[in-house]
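These are the residues of each chain, in order.
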Amino acid sequence: ADLGAEREPLDGGSGWPTQHPSSTAEVILWGERSHKGPQVRLQCCGQTDLAPLLRKAGIHSIRSVSVGHGLRAHFTVGTSTSSRGDVDADSASFETFGDLAELDGLVRDYRQSCCVAVSIASGVDHSEDVSVILYEEADFQGKGVPFREGDY
């Protein structure tokens, strides 16, 4: 799977870029930790009801996620007390821009499981508040490349 995208380097303070995904970038939902086991692959973009897809793949709960560079995935957690995984006022949600090898730390309530829906969007915006810039040379010299939480 092509989870990568070409990163746009910063050149001497020209601003913060938006990272766009390649045409083959995708989100992969895994049935086991560390990106193993049965999987469901989703292309960009839009909202997806996950219950039928997970059921067909034999996945009870998503245990790890791979998110292609340049994609944002917003997950809605459902209650496991309902056979349908309903979303209610107490349901949590989280957003990721990269890979998560284990979701156990994100979904801590035993009444909830991951996940009933995902919304995938194209374009990751970088800014001084949420990005880290790695430079080619020491003392912040050369071109800088922005990374977000979860990027490698």
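The following paragraphs examine the structure supplied in this document.

Parameters at a glance
- Residues numbered from 1 in each chain as written.
- Predicted model: local features only at pLDDT ≥ 70, side-chain atom pairs only at ≥ 80, totals over all residues.
- Heavy atoms only, no water.
- Helix = DSSP H or I, 4+ residues; strand = E, 2+ residues; numbered from the N terminus.
- Buried < 20%, exposed > 50% of the residue type's maximum accessible area, 1.4 Å probe, protein only.
- Contact = heavy atoms within 4.5 Å.
- Areas by Shrake-Rupley, 256 points an atom, 1.4 Å probe, with all protein chains shown as cover.
- Pairing = 2+ DSSP bridges.
- Axes fitted to C-alpha atoms, helices over the stretch in contact; angles between N-to-C directions.

Tallying secondary structure elements over the protein chain gives one helix and eleven strands in all. Sequence-ordered secondary structure for the protein chain, helices as α and strands as β, is β-β-β-β-α-β-β-β-β-β-β-β. Each of the 152 residues in the protein chain was classed as buried or not, and the buried ones make up 39%. Contacts in the protein chain between residues far apart in sequence, at least 24 positions, make up 64% of those at least 6 positions apart. Element-wise, carbon and sulfur atoms account for 47% of the exposed surface of the protein chain, whose accessible area totals about 8,600 Å².

What follows is about the sheet that holds strand β5 (residues 64–67). Spatially, three strands are ordered β3-β2-β5 in an open sheet, and the strand pairing comes out antiparallel. Looking along the sheet, the strands with just one partner apiece sit at the ends: β3 (36–43) and β5. Sheet twist, expressed as the average angle between the axes of neighbouring strands with direction ignored, equals 20°. As defined by bridge partners, strand β2 (residues 26–32) adjoins β5 across four bridges and the pair is classed as antiparallel. Within β5, the position partnered with valine 27 by the bridge is valine 67.

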